[in-house]
Amino acid sequence: MSTLALLVVLLLVLVGLLFLGALGYLAHRRPALARPLTVVLTGAGVLVALVVGVAQAGPR
């Protein structure tokens, strides 16, 4: 995997973790929106799908 692809994956993970933290905080502060754990786990699934897509596109 190239250095650029590794950098993109690292940045995607960092931004994704910040996004997941924001989702968890939002759901925790406003419980009527959704249960916090469900929101964070859904976001984590999306993050994993994006990271896998970028990681597989790297070797080409």
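The model shown is predicted, which means the values in this text are computed figures rather than measured ones.

**Student:** Where do I start with the packing of helix H1 (residues 3-29) against helix H2 (residues 36-57) in this structure?
**Tutor:** Packed helix pairs are characterised by how far apart their axes lie and by the angle those axes make with each other. Where H1 contacts H2, the two axes come as close as 9 Å, and the packing angle between them is 170°. Overall, the two elements H1 and H2 adopt an arrangement that is roughly antiparallel. At the point where H1 passes H2, the crossing takes the right-handed sense. Only Pro-36, Val-39, Val-40, Gly-43, Ala-44, Leu-47, Leu-50, Val-51, Val-54 and Ala-55 of H2 make contact with H1, whose side of the interface consists of Val-8, Val-9, Leu-12, Val-13, Gly-16, Leu-17, Leu-20, Leu-23, Gly-24, Ala-27 and His-28. Partitioning the contact of H1 with H2 into residue classes produces 17 nonpolar, four polar and no charged.

**Student:** Can you help me understand the environment of Gln-56 in this one?
**Tutor:** Here Gln-56 lies in helix H2. The spacing of Gln-56 and Ala-5 is 51 residues in sequence and 9.5 Å in space, taken between C-alpha atoms.

**Student:** Any chance you could explain H2 here in plain terms?
**Tutor:** Helical periodicity: at 3.6 residues per turn, an α-helix aligns residues three or four positions apart in one direction. The terminal C-alpha atoms of H2 lie 32 Å apart, and with 22 residues this matches the ideal 32 Å at 1.5 Å per residue to within 8%. By the burial criterion, the buried members of H2 are Val-39, Gly-43, Leu-47 and Val-51. One face of H2 carries all of its buried residues, which in axial projection span an arc of 100°. Counted as exposed and oriented over 90 degrees from the buried face of H2: Leu-37, Leu-41, Val-48, Ala-49 and Gln-56.

**Student:** What am I meant to see in the UniProt feature "transmembrane region" (unreviewed entry) in the protein here?
**Tutor:** Per the UniProt record, "transmembrane region" (unreviewed entry) is found at residues 34-55. Measuring from the first to the last C-alpha atom of residues 34-55 gives 31 Å, for a span that is 91% helix and 0% strand.

**Student:** So what exactly am I meant to see when it comes to a nonpolar patch on the surface here?
**Tutor:** The grouping of Leu-4, Leu-7, Val-8, Leu-10, Leu-11 and Leu-14 at the surface amounts to a nonpolar patch, some 550 Å² of accessible area in total. Structurally, the position occupied by Leu-14 is in helix H1.

Conventions adopted
- Residues numbered from 1 in each chain as written.
- Predicted model: local features only at pLDDT ≥ 70, side-chain atom pairs only at ≥ 80, totals over all residues.
- Heavy atoms only, no water.
- Axes fitted to C-alpha atoms, helices over the stretch in contact; angles between N-to-C directions.
- Helix = DSSP H or I, 4+ residues; strand = E, 2+ residues; numbered from the N terminus.
- Parallel < 35°, antiparallel > 145°, perpendicular 65-115°, else oblique.
- Left-handed = near helix turned anticlockwise from the far one by under 90°.
- Contact = heavy atoms within 4.5 Å.
- Nonpolar A, V, L, I, M, F, W, Y, C, P; charged D, E, K, R; others polar.
- Expected span 1.5 Å × (residues − 1).
- Buried < 20%, exposed > 50% of the residue type's maximum accessible area, 1.4 Å probe, protein only.
- Arc of directions from axis to C-beta.
- UniProt positions renumbered as here; feature names shortened; annotations may be inferred.
- Patch = residues over 30% accessible without salt bridge, like charges linked within 9 Å, V, L, I, M, F, W, Y side chains within 5 Å.
- Areas by Shrake-Rupley, 256 points an atom, 1.4 Å probe, with all protein chains shown as cover.
- Salt bridge = Lys/Arg side-chain N within 4 Å of Asp/Glu carboxyl O.

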